[in-house]
Amino acid sequence: MSGPSHSDPSQESQHAQSANGGGPPGPEAGAAGEAEARTPADDVVSEAADAEKERLRADLESSRRRVDELARAYQAVNKDREEFKQRLTRERERMMDVERGNVAVALLEAIDELDRALSMSGQDNSPLAQGVRMIRDSLLSKAQGMGIERISVMGQPFDPNVAEATDMEITTSPDEDQKVVAEIRAGYRLKERVIRPARVKVAKYVAPAQA
């Protein structure tokens, strides 16, 4: 009676290698295993993650554009506000100049009255005449303190922007043609605005043979 037979381990190994093509498992076998290990559920999760990234990227870009739009809108509003404040300031200053000009005109008319009174008194040095001169000088000083300046026209070419020609004088000198030869009433300006034009006499050249 014979006992059970025992197989040789080396022979089992050779049989296994023959079944696998005669060698150890290669990298193709590993890749195939990973592919078999990846399930359709993993692909769905990966696609969902990519889609979420794209959505977040689009939302970020949209938010950036919105921030840029709001920044530009704020700058425009701020610029409009500054321009409005400047216009308001200029208008307020203009109105104040108009009011000052109205007050100045009334003041200048009073000075004119005193000048006429002094011209009629001639060289009178009486206390009354001296008092009138002091009042006249005081009013003129107050007018100058308001920024009012007398317009210089004597000997200058006639300028209709600052003077009114109320009389004419014939001259035989070509150099005197259209020049102011007499000031009938003084003219004044406040800053750059003429508040009262001067009244003047203007020379007109006429050749000697035609005089």
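Reference entry: report on the structure contained in this document. (Residues numbered from 1 in each chain as written. Predicted model: local features only at pLDDT ≥ 70, side-chain atom pairs only at ≥ 80, totals over all residues. Heavy atoms only, no water.)

## Some details on the sheet that holds strand β6 (residues 198–205)
Thought 1: Taken in spatial order, the 3 strands make up an open sheet running β2-β6-β3, and their pairing is mixed. At either margin of the open sheet sits one strand with a lone partner, and together these are β2 (163–171) and β3 (180–185). Direction aside, the axes of adjacent strands within the sheet are offset by 25° on average.
Thought 2: Where β2 lies against β6, 8 bridges are found, and the strand directions are parallel. What sits directly across from isoleucine 170, in β6, is lysine 204. (Pairing = 2+ DSSP bridges. Helix = DSSP H or I, 4+ residues; strand = E, 2+ residues; numbered from the N terminus. Axes fitted to C-alpha atoms, helices over the stretch in contact; angles between N-to-C directions.)

## A word on the pattern of salt bridges
Thought 1: Counted under the stated rule, the structure contains 14 salt bridges.
Thought 2: Aspartate 59 is the salt-bridge partner of arginine 55, the closest N and O atoms lying 2.9 Å from each other. Separated by 4 residues within a single helix, arginine 55 and aspartate 59 lie in helix α3 (residues 40–121), roughly one turn from each other.
Thought 3: The exposure class of aspartate 59 is partly exposed, given its relative accessible area of 37%.
Thought 4: Notably, a salt bridge pairs arginine 116 with glutamate 113, separated by 2.6 Å at the nearest N-O pair. With arginine 116 and glutamate 113 both in helix α3 and 3 residues apart, the pair spans about one turn of that helix.
Thought 5: With relative accessibility at 44%, the residue arginine 116 sits in the partly exposed group.
Thought 6: If you follow the salt bridges from partner to partner, you end up with Glu52, Arg55 and Asp59 in one network. (Salt bridge = Lys/Arg side-chain N within 4 Å of Asp/Glu carboxyl O. Buried < 20%, exposed > 50% of the residue type's maximum accessible area, 1.4 Å probe, protein only.)

## Regarding the layout of surface pockets
Thought 1: The calculated volume of the largest pocket comes to roughly 170 Å³.
Thought 2: Along its surface, the largest pocket is lined by Asp112, Asp115, Arg116, Arg136, Arg150, Glu183, Ile184, Arg185, Ala186 and Tyr188.
Thought 3: Secondary-structure elements contributing two or more residues to the lining of the largest pocket are α3 and β3. (1 Å grid on protein atoms, 1.4 Å probe; cavity = no way out; pocket = protein on both sides within 12 Å on 5 of 7 lines; lining within 4 Å. Points joined across faces, edges and corners; volume = space filled by probe spheres on them.)

## So, the nonpolar core
The tendency in soluble globular proteins is for nonpolar side chains to be buried side by side.
Thought 1: Ranked by internal contacts, the top residues of the largest apolar core, which has 15 residues, are Leu108, Ile111, Leu139, Ile148, Tyr188 and Ile195.
Thought 2: In terms of residues, this core owes the most to one element, α3, which gives 6 residues.
Thought 3: When neighbours within four sequence positions are excluded, tyrosine 188 is seen to be in contact with Leu108, Leu140, Ile148, Glu149, Arg150, Ile151, Val194, Ile195 and Arg196.
Thought 4: Residues Ile151, Val153, Ala163 and Val200 belong to the second largest nonpolar core, which totals 8 residues. (Core = buried A, V, L, I, M, F, W, Y, C linked by side-chain atoms within 4.5 Å. Contact = heavy atoms within 4.5 Å.)

## Some points on the sheet that holds strand β1 (residues 148–151)
Thought 1: Here 3 strands make up an open sheet; going across it, the order is β1-β4-β5 and the pairing antiparallel. Edge positions in the open sheet fall to β1 and β5 (193–196), since each of these has one partner strand only. Averaged over all neighbouring strand pairs, the angle between strand axes comes to 40°, with direction disregarded.
Thought 2: Pairing between β1 and strand β4 (residues 187–190): 4 bridges, direction antiparallel. What sits directly across from arginine 150, in β4, is tyrosine 188.

## Here we look at unusual backbone geometry
Thought 1: Positioned with a positive phi, glutamine 178 is a non-glycine residue whose angle comes to about 65°.
Thought 2: With respect to the element layout, glutamine 178 can be found in the loop between β2 and β3.
Thought 3: For lysine 191, which is not a glycine, the phi torsion comes out positive at approximately 60°.
Thought 4: Among the secondary structure elements, lysine 191 is positioned in the loop between β4 and β5.

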